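What follows is the residue order along each chain.
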Amino acid sequence: MMSAELSKWYETQNMPASQIKVLDAAITLFAKKGYDQTSTNEIAKAAQVSQAVLFKYFHSKHELLEKILDPLFKNIVPRFTVKLLDEILESQKDQGLYAVISFVVHDRFEFMVGNKDLVTILTNVVLTDTVVKDQIKKLLLHNDLPIILKTQRFFKKFPEIKDNKALDNLFFNFVTQLLGYFILRTRLIPEKKYHTEQDLEQIASNIYLSLKPTAQV
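Residues numbered from 1 in each chain as written. Predicted model: local features only at pLDDT ≥ 70, side-chain atom pairs only at ≥ 80, totals over all residues. Heavy atoms only, no water.

1. What about the overall build of the chain?
Across its full length, the chain holds 11 helices and 0 strands. From first element to last, N terminus to C terminus, the chain shows the α and β order α-α-α-α-α-α-α-α-α-α-α. Relative to its 217 residues, the chain shows a buried fraction of 39%. Once local pairs closer than 6 in sequence are excluded, the contacts in the chain between residues at least 24 apart make up 67%. For the chain, the accessible surface area stands at approximately 12300 Å², while carbon and sulfur atoms represent 56% of it. (Helix = DSSP H or I, 4+ residues; strand = E, 2+ residues; numbered from the N terminus. Buried < 20%, exposed > 50% of the residue type's maximum accessible area, 1.4 Å probe, protein only. Contact = heavy atoms within 4.5 Å. Areas by Shrake-Rupley, 256 points an atom, 1.4 Å probe, with all protein chains shown as cover.)

2. Digging into unusual backbone geometry
Look at asparagine 14: it is not a glycine, yet its phi comes out positive at around 55 degrees. Mapping asparagine 14 onto the fold places it in the loop between α1 (4–12) and α2 (17–33). Given the relative accessible area of 69%, asparagine 14 is considered exposed. Phi is positive for glutamine 48, close to 60 degrees, though the residue is something other than glycine. Of note, glutamine 48 is situated in the loop between α3 (40–47) and α4 (51–57).

3. Observations regarding the packing of aromatic side chains
The full count for this structure, using the stated rule, is 8 aromatic pairs. Ring centres 6.1 Å apart and planes at 85 degrees place the aromatic pair tyrosine 181 and tyrosine 194 in the edge-to-face group. Of the two residues, tyrosine 181 is situated in helix α10 (residues 164–188) and tyrosine 194 in the loop between α10 and α11 (196–211); the sequence distance between them amounts to 13 residues. Of the two residues, tyrosine 181 and tyrosine 194, both sit in the buried class. An aromatic cluster is present here, built from Phe109, Tyr181 and Tyr194 joined pairwise through their rings. We note lysine 61 situated over the ring of tyrosine 35; from NZ or CZ to the ring centre the distance is 4.4 Å. A cation over a ring is seen here: lysine 192 above tyrosine 194, with NZ or CZ 4.7 Å from the ring centre. (Phe/Tyr/Trp six-rings, centres within 6.5 Å; stacked < 30°, edge-to-face > 60°. Lys NZ or Arg CZ within 6 Å of the ring centre and 35° of its normal.)

4. Structural notes on the nonpolar core
Residues Val22, Phe30, Ile43, Leu64, Leu65, Ile68 and Leu69 are the most contacted members of the largest nonpolar core, which totals 31 residues. Of all elements in the fold, only α1, α2, α3, α4, α5 (61–91), α7 (116–125) and α8 (130–141) reach the threshold of two or more residues within this core. For this core, the element with the highest residue contribution is α2, accounting for 8 residues. By size, the runner-up hydrophobic cluster in this structure holds 29 residues, among which are Ile88, Val100, Leu200 and Ile207. (Core = buried A, V, L, I, M, F, W, Y, C linked by side-chain atoms within 4.5 Å.)

5. Here's the deal with the environment of threonine 120
Along the polypeptide, threonine 120 turns up in helix α7. Each C-alpha atom, one on threonine 120 and one on alanine 31, is 5.6 Å from the other, the two residues being 89 residues apart in sequence. Sequence-distant contacts of threonine 120, defined by excluding residues within four places in its chain, comprise Ala31, Phe182 and Arg187.

6. As for the pattern of salt bridges
By the definition in use, this model includes 2 salt bridges. The residue glutamate 42 makes a salt bridge to lysine 33 at a minimum N-O spacing of 2.4 Å. Looking at glutamate 42, the relative accessible area reads 27%, which means it is partly exposed. Among the residues examined, lysine 33 registers a relative accessible area of 35% and is labelled partly exposed. The salt bridge partner of arginine 108 is aspartate 107, with a shortest N-O separation of 2.6 Å. (Salt bridge = Lys/Arg side-chain N within 4 Å of Asp/Glu carboxyl O.)

7. Things to note about the environment of methionine 15
Structurally, methionine 15 can be placed in the loop between α1 and α2. Measuring from C-alpha to C-alpha, the distance between methionine 15 and tyrosine 57 comes to 9.8 Å, with 42 residues separating the pair along the chain.

8. Here's the deal with the confidence of the model for the chain
Predicted coordinates in areas of low pLDDT are best not read in detail. Here the chain averages 84 in pLDDT, and 88% of its residues register 70 or above. Here α8 stands out as the least confident element of the chain, with mean pLDDT 72; α3 is the most confident, with 97. (pLDDT = per-residue confidence, 0-100.)

9. What about the packing of α7 against α10?
Two measures define how a pair of helices packs: the angle their axes make with one another and the distance between the axes. α10 packs onto α7 with a crossing angle of 105 degrees between their chain directions and a minimal axis gap of 11 Å. Relative to α10, the element α7 lies roughly perpendicular. Where α7 approaches α10, its residues Lys116, Val119, Thr120, Thr123 and Asn124 are matched on the opposing element by Leu179, Phe182, Ile183, Thr186 and Arg187. Class assignment of the residues belonging to the contact of α7 with α10 gives a composition of 4 nonpolar, 4 polar and 2 charged. (Axes fitted to C-alpha atoms, helices over the stretch in contact; angles between N-to-C directions. Parallel < 35°, antiparallel > 145°, perpendicular 65-115°, else oblique. Nonpolar A, V, L, I, M, F, W, Y, C, P; charged D, E, K, R; others polar.)

Structure below.
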């Protein structure tokens, strides 16, 4: 099923119910079977519409994929990024860097779990789909966005962030540690019993210690 945030976004687009059903079915199937292994016929059947109806809204399966991921890139992630930064600035402004990292790790993992299907689809196609890869690169490399500049200023106030290289390292570790943990739990070993709070604190510690190897948490 669509996440609450994505559902709200689609509702603002004044889409017919049948189009939303197609999107919902595609999200479920892409996340479960993979984009390449899912046919438009399967999507139409799951949405309980004909393929003619599906192609009325989307000219190709790839266009359907782009429609699913577009709000994630343009609306959901930016909105939550701004919200997250505002929360950090307000509630963690007097805290040390480790407390901030821990806060972000918990918040972003909760976001990933809440948007599990979308994140799963994204991780499935990001390495093989040029269009999606370019969208991700554009997001990561667009350093002149106000939210990016505001984030950089916030983190540079901490003594552990000595230069832009340390800031890049911080971002890199956030992405790799959290995404790796998410994939481990949802795709690689989903049957394993996880201790979420303990695991997330370990991730926060790993990220922090990667910035300052001699730091004591």
